[in-house]
Amino acid sequence: MEAWRVSPSNPPGVARRLRRLAGRLAREAALYPHMVQTGVKGRVLFLPSDAPVQSSLLRAYEVAKSLRPMGWSVLVVPKHLSLAQRRRVIGAWRPDVLFVQQSRHPLNRVEYLGDIPFLYDLDDADFVDPEFEASMQALARQADAVICGSRHIRDWAAQYSSRTEVVWTGTPLPPDSRFIPAHTERKPLVVWAQTNPAKYLAELAFVTEVMEQVAASRPGTALRLYDWREAEDDPRLERLRRAGVSLELLPAMPYDLFLESLGDTAVGLSAIRTVTPFSRGKSFGKVLGYLSARTPVICSDEADHACLFDNSSGVVSNDAAVWVAAILRLIDDPAAREAIADAADVKFRANLTTEVAAQSISSILETVLASRRPKPDVARAASSLGSQEGT
């Protein structure tokens, strides 16, 4: 049969819709062969808000992958599926519990979840946005447990749920095959790996203030930015250049390539300024990448940073002068950076890997399912009653 093609009677808009439909159907079909999993602890259906990027990658896709060896059967529903497709998958697989990751997906709403137990996972302060506030409150009220990426998120969720748990976002451990350069082999390069940094006005102003002072003492110090979406001659970049900062702009990239790209950096910055309500909900973010690359971290004393780092494993402060002094001390001292990286690696492996996060979530899942299942004596009584009614 002749292939369907764009023509006056089949305009491009129709072609796009047909391709999207075909893509959604193919993604749904790909799930069914995986329904034969035999995890003894139960079936968990993940509903991420996005494709496998950023928090959907780390808190849904990667966690799901780590739960399988722990005895769980797991499916991850791609964001592209329609409500009807989600319902077909649920009907065919009959999951024991749903894992609702964030509320940014329009189908991640209470009214679409039915009566299946669910965990609600959130790691950003989207509740400050009126578009999400009501739906997030409803999910938090109805969830069997709310999993929170930071203490600030937990404090919000505790208003609506009696079962809240802080589970920090984790990242996979670097594979043994991945080469991580020693600090003696690295450039004196500072990195601020914030996604779309031009949007973070207060943080960008703070980093600019710090780097201007660093360049005053050490002209030509290099600063790497990722995902700069404005013009390269933007006045904010020109200000840094005039101060003597050498800028390196890299595009956004897949997470594995991003981690690999950090292997030549000397110091990683994580700035959080809580003048904006959304920033109060931030957690470790790009700190995970720095730790994975063994890049020493200088971070704001916000979110949960001080719960992880101490004086031997990182620098935690809101004082620009402390940041400047730390950068100048570390950038030309590979031995000091290596010592900090060693101390931070211990904390990283104990607190911020995907496996650690998955272990916490596995425990929460077990508790939720145990509380939902009838106790043995109740089940026996119900069975006995059913037998009597049938006679």
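Residues numbered from 1 in each chain as written. Predicted model: local features only at pLDDT ≥ 70, side-chain atom pairs only at ≥ 80, totals over all residues. Heavy atoms only, no water.

Structural notes on the pattern of salt bridges
Inspection of every chain in the model, using the stated rule, returns 23 salt bridges. A salt bridge links E165 to R163, with the nearest nitrogen and oxygen atoms 3.2 Å apart. Under the relative-accessibility criterion, E165 is labelled partly exposed at 30%. Judged by relative accessible area, R163 falls into the partly exposed class, the value being 23%. Through salt bridges that share partners, K187, R224, E248 and D264 make up one connected network. (Salt bridge = Lys/Arg side-chain N within 4 Å of Asp/Glu carboxyl O. Buried < 20%, exposed > 50% of the residue type's maximum accessible area, 1.4 Å probe, protein only.)

A short note on the pairing of strand β3 (residues 97–101)
Of all the five residues making up β3, five are buried; the element is thus mostly covered by neighbouring parts of the structure. Judged by which residues are buried, β3 turns out to be covered on both faces: V97, F99 and Q101 on one side and L98 and V100 on the other are all buried. Pairing between strand β1 (residues 42–47) and β3: four bridges, direction parallel. Bridging from a neighbouring strand, V44 pairs with V97 of β3. (Helix = DSSP H or I, 4+ residues; strand = E, 2+ residues; numbered from the N terminus. Pairing = 2+ DSSP bridges.)

Here's the deal with the sheet that holds strand β11 (residues 297–299)
Pairing is parallel in the open sheet, where six strands are placed in the order β9-β8-β7-β10-β11-β12. Two strands in the sheet have a free side with no partner beyond their single neighbour: β9 (246–250) and β12 (315–316). Sheet strands in contact with helix α6 (residues 201–217) are β7 (189–192), β8 (222–226) and β10 (267–270), and its direction is about 165 degrees off that of β7. Sitting on the sheet, helix α7 (residues 235–242) is in contact with β8 and β9, with an inclination near 140 degrees to β9. (Contact = heavy atoms within 4.5 Å. Axes fitted to C-alpha atoms, helices over the stretch in contact; angles between N-to-C directions.)

Describing the side chain of T171
Here T171 lies in the loop between β6 (164–166) and β7. Only 2.7 Å separates the side chain of T171 from the side chain of Y255, close enough to count as a polar contact. In contact with T171, not counting residues within four places along its chain, are L58, Y255, L288, F348, L352, T353 and T354. (Polar contact = N/O pair within 3.5 Å; in protein donor to acceptor, adjacent residues only side chain to side chain.)

Regarding the sheet that holds β1
What the six strands build is an open sheet, ordered β2-β1-β3-β4-β5-β6; its pairing is parallel. The outermost strands of the open sheet, each flanked by one partner alone, are β2 (72–76) and β6. Each strand axis lies, on average, 20 degrees off the axis of its neighbour in the sheet, ignoring direction. Most of the contacts of helix α4 (residues 130–142) go to strand β4 (residues 118–122), to which it runs at about 135 degrees, and overall it touches β4 and β5 (145–148).

Thoughts on the packing of aromatic side chains
Under the definition given, this model contains seven aromatic pairs. Look at F206 and W323: their rings are 4.9 Å apart centre to centre, the planes differ by 85 degrees, and that puts the pair in the edge-to-face class. In this pair, F206 is assigned in helix α6 and W323 in helix α11 (residues 320–330), connecting sequence segments 117 residues apart. An angle of 80 degrees between the planes, with centres 5.1 Å apart, marks the rings of Y226 and F258 as edge-to-face. (Phe/Tyr/Trp six-rings, centres within 6.5 Å; stacked < 30°, edge-to-face > 60°.)

Digging into the nonpolar core
In summary, soluble globular proteins display a tendency toward joint burial of nonpolar side chains. Counting residues in each nonpolar core, the largest one holds 32 residues, and the members touching the most others are W192, V210, M211, L223, L269, I298 and I327. At the level of elements, β7, α6, β8, α7, β10, α11 and α12 (334–351) are the ones that each hand at least two residues to this core. It is α6 that contributes the most residues to this core, seven residues altogether. Contacts of W192, omitting those with residues within four sequence positions, involve P197, E203, L204, V207, L223, R224, L225, Y226, L269, A271 and Y290. Formed by 29 residues, the second largest nonpolar core is a distinct cluster that contains L45, F132, M136 and I153. (Core = buried A, V, L, I, M, F, W, Y, C linked by side-chain atoms within 4.5 Å.)

Focus on the packing of α6 against α11
Here α6 crosses α11 at 45 degrees, and the two axes come no closer than 9 Å. For the element pair α6 / α11, the angle class is oblique. Read as a crossing pair, α6 and α11 show a hand that is right-handed. Of the residues in α11, those in contact with F206, E209, V210, M211, Q213, V214 and S217 of α6 are A320, W323, V324, I327 and L328. Considered class by class, the residues forming the contact of α6 with α11 number nine nonpolar, two polar and one charged. (Parallel < 35°, antiparallel > 145°, perpendicular 65-115°, else oblique. Left-handed = near helix turned anticlockwise from the far one by under 90°. Nonpolar A, V, L, I, M, F, W, Y, C, P; charged D, E, K, R; others polar.)

Structural notes on the pairing of β2
Of all the five residues making up β2, five are buried; the element is thus mostly covered by neighbouring parts of the structure. The side-chain alternation of β2 yields two buried faces, one formed by W72, V74 and V76 and the other by S73 and L75. Bridge count between β1 and β2: five bridges; the pairing is parallel. Considered in β2, the bridge of V44 is made with V74. Regarding the hand of the β-α-β motif, the stretch spanning β1, helix α2 (residues 54–67) and β2 is right-handed. (Right-handed = clockwise from strand over helix to strand, strands pointing away.)

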